Amino acid sequence: MKLIVDIGNSFYKLAIFEDDQMVFFKRFVKVRVKDINEIRKKFPFSEAIVSSVRKKHAYFIQHLQKNYHLSILSHKTKVPVKIMYKTPATLGLDRLAAVVGAVNIYPKKNVLVIDIGTCMTYDYVDKYNNYHGGNISPGIELRLNAMHHFTSALPLVKRKKNKEMLGKSTKEAIQNGAVLGIKFEIERFIKTLTKKKGQMAVILTGGDAQYFGEMLESKIFVDPNLVLRGLNEILK
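Keep in mind it's a predicted model, so treat the numbers as computed, not measured.

Definitions and limits used
- Residues numbered from 1 in each chain as written.
- Predicted model: local features only at pLDDT ≥ 70, side-chain atom pairs only at ≥ 80, totals over all residues.
- Heavy atoms only, no water.
- Helix = DSSP H or I, 4+ residues; strand = E, 2+ residues; numbered from the N terminus.
- Expected span 1.5 Å × (residues − 1).
- Buried < 20%, exposed > 50% of the residue type's maximum accessible area, 1.4 Å probe, protein only.
- Core = buried A, V, L, I, M, F, W, Y, C linked by side-chain atoms within 4.5 Å.
- Contact = heavy atoms within 4.5 Å.
- Axes fitted to C-alpha atoms, helices over the stretch in contact; angles between N-to-C directions.
- Parallel < 35°, antiparallel > 145°, perpendicular 65-115°, else oblique.
- Nonpolar A, V, L, I, M, F, W, Y, C, P; charged D, E, K, R; others polar.

Trainee: Before we go on, may I ask you to explain helix 3 (residues 93–105) in this structure?
Mentor: What sets the pattern is the α-helix's 3.6 residues per turn: residues three or four places apart point alike. End to end, helix 3 covers 19 Å across 13 residues, agreeing with the expected 18 Å (1.5 Å per residue, within 8%). Extensive coverage of helix 3 is indicated by the burial of 10 of its 13 residues. Three or more residues of helix 3 are buried, namely L93, R95, L96, A97, A98, V99, V100, G101, A102 and V103.

Trainee: What am I meant to see in the nonpolar core here?
Mentor: It is characteristic of soluble globular proteins that their nonpolar side chains tend to be buried jointly. In terms of nonpolar packing, the biggest core is built from 28 residues, with I4, L73, V111 and L231 touching the most fellow members. Elements with a minimum of two residues in this core: strand 2 (12–18), helix 3, strand 7 (111–116), strand 10 (201–205) and helix 7 (226–235). Residue contributions to this core peak at eight residues, all from helix 3. In this view, V111 contacts A102, Y106, D123, Y124, V125, M200, A201 and I203; residues no more than four positions away in its chain are not counted. By size, the runner-up hydrophobic cluster in this structure holds 24 residues, among which are L144, L180, I182 and I190.

Trainee: Even after reading the chapter, I still don't get the packing of helix 1 (residues 33–42) against helix 2 (residues 59–67), so can you show me in this structure?
Mentor: Pairs of packed helices are described in terms of their axes, by the angle between the two and the distance that separates them. At a closest axis distance of 8 Å, the pairing of helix 1 and helix 2 adopts a crossing angle of 45°. Judged by the angle between their axes, helix 1 and helix 2 are oblique. Note on element contacts: helix 2 touches helix 1 through Y59, F60, H63 and L64, opposite V33, I36 and N37. Of the residues belonging to the contact of helix 1 with helix 2, the class tally is five nonpolar, two polar and no charged.

Written out as structure tokens, the structure is:
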């Protein structure tokens, strides 16, 4: 059994994999050594891997280093894809892990990975496992917060899928601008990249993958745990 840890901007995601099967998953706001010990009582892992987008490592990672075989993902870690990014040291490790997970699900196929979380990332890997890079844009909560924070009159509203495309109030207009803006952005990106690169599989992942996956007209595969699956592959 292996402990897989994905540390994002907002949450800690912990999973246990037995071979290729995820047998445990939990999302934390904060992780304590006590939490690690409780997980191990039920799932006796001996090795672990950590991917983090944060600069500071939490204390529980030191505990893992002292007591288990721990791998910390970095741009120097060997992965089953060829990195063609100009600045590999600045490539988000969650993006890298997601791409590895994608080529494992769709071997020998062009794949576009769209990770929808605090930020949205687009990452493209071809059928020869060459990773070509991608784009980064604001996620839904960032858009809603930014419109409120950087203006003097726009309120902070909660996301909502409104029935009408045109907002009938300022609140609806903001909601539509954020929600439909992401929907149209994704659909146009897929269409444009397909014209340039040819047919590809599309995987949506991240905390808001299911939320937007239900709205898209494009044929996609939704896997909220793609980064975890990729980390498991890297550890293997």
